[in-house]
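Chain by chain, the residues:
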Amino acid sequence: MAERHNLAVRQFHLGWFLGNSFGVHGWNQPWSGVDAREWAQPDLHIELAGALERACFDCLLLEDSLFVPDNYGGSMDFYLERALRAPKNDPLPLVPLIAQATKHLGIVPTISTSFYPPYLLARLIATLDLMSKGRVGCNFVTSTAERAAQNFGLDAHLEHDLRYEMADEFVDLVTKLWSSWDADAVVADRETGIFVDPAKVRAIDFKGRFFSSRGPLNTAQPPQGRPVLVQAGGSPQGKAFAARHMDVVVAALGTVAEMKAFRDDMRKRVAAEGRDPDSCKVLFVVSPTLGETNEEAEDRAARRQAQREAAPEVSLAMMGSLTDIDFSTFDLDAPLAELTTNGQQGTLKRFLAQGRTLREVAANYRFGFEDAVVGSVERVADVMEEAMEQVGGDGFMFNGPLSRRYVADVTDGLVPALQKRGLVRTAYAHAHFRDNLFAF
Ligand SMILES: Cc1cc2nc3c(=O)[nH]c(=O)nc-3n(C[C@H](O)[C@H](O)[C@H](O)COP(=O)(O)O)c2cc1C
């Protein structure tokens, strides 16, 4: 049966989007082992990376945020008691540890274009790319929370669209810094006694509206030239930003039709910027629930849904922290009014579209492709294959509740089934993350 799939279908890419990143995973959940107690140690992340590499994933994306939320009920209590988004370590120190423990996997930390100084970021990512021999990317976020802005000295956050204008300039600047050294500037020639050829290193004299930097960078060009650029903003401004600069866009959408429309739109936007549409991959968040049988998986999904319905406030508090809206002040059963935010606009729009009342929205809340991918590995592989056929590419970013068991379900159960059908890679062809990403 499986062999019939081998010929026609184009291969697609796999990544893992690790929400809550270097934070607490599995607090008070079964199958979290000692992880909740050991949350500040890197072991779970390093093991995750090893499993992803075993399954030939393209990359691991490490989410990040820069604040303790207090959006639900105007207090930090709800979040702190449940370890929702805090405590959370800085994910960047994980990058060299993961690089050391793997050989092929791409590693994508998240950084804020609103609060990171561009020179420091360009140097940091260049250093990591050099250390990992070309396996690093960077997820650019504008940071959306008012509390994050206040942690960096602002009274209120910059306006949504202005943040994207800054992000645009930020990426222009770091890209120029990465090419302030030619790829062959380091000659390390013992005969002539010359380490760096000075003719191949130059100032960039960047003077923008928001940032200026003289350059050059004080480390060499990253091995990939330009580490892989990633972003996930779904508003029109976010998509425009992606179309101009990005190698990867991550989108969290619930249906195949939405995914297809999103990818078609992105490809048009990329082409309108004078770029080849294939130079920007769109990866869709997927959260399968797997079991040895369809019934076992359906049972698991039903229990998860029951938990959701019993505690709508958890979904609402999470959404509050992404949109700066205090949903505790709303009547759960009243018809929803239009809401606006200076936070994550695309996310709010998708969230509210999931029901007529907040209770319905919370019960139906999904982050990505979830309801259709419940079942045995064969059933889920079927759905993923068909989805990619209809959407046209380019792949998926897994995002389930992190535990060793869940990771094994995906990397040792589902992915081998996809590999058997010839849908995903079984070996890495290239040394660099970028080259593997654009190999098909
Ligand atoms: C899959 C996905 C992953 C994201 N990861 C992060 C993250 O790690 N940190 C962050 O601050 N925002 C993250 N975001 C938010 C986006 O980067 C973006 O800031 C947000 O969607 C607001 O942009 P928009 O108004 O264009 O939708 C993520 C969004 C999505 C859909």
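The rules behind each value
Residues numbered from 1 in each chain as written. Predicted model: local features only at pLDDT ≥ 70, side-chain atom pairs only at ≥ 80, totals over all residues. Heavy atoms only, no water. Pairing = 2+ DSSP bridges. Helix = DSSP H or I, 4+ residues; strand = E, 2+ residues; numbered from the N terminus. Axes fitted to C-alpha atoms, helices over the stretch in contact; angles between N-to-C directions. Contact = heavy atoms within 4.5 Å. Phe/Tyr/Trp six-rings, centres within 6.5 Å; stacked < 30°, edge-to-face > 60°. Buried < 20%, exposed > 50% of the residue type's maximum accessible area, 1.4 Å probe, protein only. Lys NZ or Arg CZ within 6 Å of the ring centre and 35° of its normal. Patch = residues over 30% accessible without salt bridge, like charges linked within 9 Å, V, L, I, M, F, W, Y side chains within 5 Å. Areas by Shrake-Rupley, 256 points an atom, 1.4 Å probe, with all protein chains shown as cover. Salt bridge = Lys/Arg side-chain N within 4 Å of Asp/Glu carboxyl O. Right-handed = clockwise from strand over helix to strand, strands pointing away. Near = heavy atom within 4 Å. Polar contact = N/O pair within 3.5 Å; in protein donor to acceptor, adjacent residues only side chain to side chain. Nonpolar A, V, L, I, M, F, W, Y, C, P; charged D, E, K, R; others polar. Domains from an automatic or database assignment.

Trainee: Describe the sheet that holds strand 1 (residues 13-18), with residues and values.
Mentor: Here 8 strands make up a closed barrel; going around it, the order is 1-2-3-4-9-10-11-14 and the pairing parallel. For this sheet the average axis-to-axis angle between neighbouring strands, irrespective of direction, equals 30°. Where strand 1 meets strand 2 (residues 59-62), 4 bridges bridge the pair, whose relative direction is parallel. Counterpart to G15 in the pairing with strand 2 is C59. Here helix 7 (residues 236-245) sits on the sheet in contact with strand 4 (137-141), strand 9 (228-231) and strand 10 (248-251), set at roughly 170° to strand 9. Strand contacts of helix 14 (residues 404-420): strand 1 and strand 14 (395-398), with the helix running at about 170° to strand 1, the strand carrying the most contacts.

Trainee: Can you tell me about the packing of aromatic side chains, naming the residues and giving the values?
Mentor: With the rule as written, the count across this model stands at 16 aromatic pairs. Where F12 meets F396, the ring centres are 5.7 Å apart and the plane angle is 85°; that geometry is what we call edge-to-face. Taken as a pair, F12 in the segment before strand 1 and F396 in strand 14 lie far apart in primary sequence, 384 residues in all. Neither residue differs from the other here; F12 and F396 are each classed as buried. Judged by centre distance (5.1 Å) and plane angle (85°), the rings of F351 and Y365 are edge-to-face. Placement of the pair is F351 in helix 11 (residues 345-352) and Y365 in the loop between helix 12 (358-364) and strand 13 (374-375), with a sequence separation of 14 residues. Classification of Y365 by relative accessible area gives buried; the value is 16%. Across from the ring centre of F78, 3.6 Å away, lies the NZ or CZ of R82, which sits over that ring. Above the face of the W31 ring, R405 is positioned so that its terminal group lies 3.8 Å from the ring centre.

Trainee: How would you explain a nonpolar patch on the surface if you had to name every residue and give the values?
Mentor: On the surface, a nonpolar cluster with roughly 230 Å² of combined accessible area is contributed by V68, M76 and L80. Within the secondary structure, L80 sits in helix 2 (residues 77-81).

Trainee: An account of the pairing of strand 1 is requested, with residue identities and associated values reported.
Mentor: Most of strand 1 is tucked away: 6 of the 6 residues are buried. Side-chain alternation along strand 1 places H13, G15 and F17 on one buried face and L14, W16 and L18 on a second face that is also buried. For the segment spanning strand 1, helix 1 (residues 43-54) and strand 2, crossover handedness is right-handed.

Trainee: I'd like to hear about the site of the ligand, residue by residue, with values.
Mentor: Taken together, 22 residues are adjacent to the ligand, and E63, D64, H160, Y164 and S235 come closest. Between an oxygen atom of the ligand and a side-chain N or O atom of H160, the distance comes to 2.6 Å. Residue Y164 places a side-chain N or O atom 2.6 Å away from an oxygen atom belonging to the ligand. When residues of the shell around the ligand are assigned to their parent elements, the largest contribution, 3 residues, is made by helix 11. A class-by-class count of the residues in the shell around the ligand yields 7 nonpolar, 13 polar and 2 charged. Counting contributing residues, the shell around the ligand receives three or more from each of domain 1 (2-292 + 373-437) and domain 2 (296-364).

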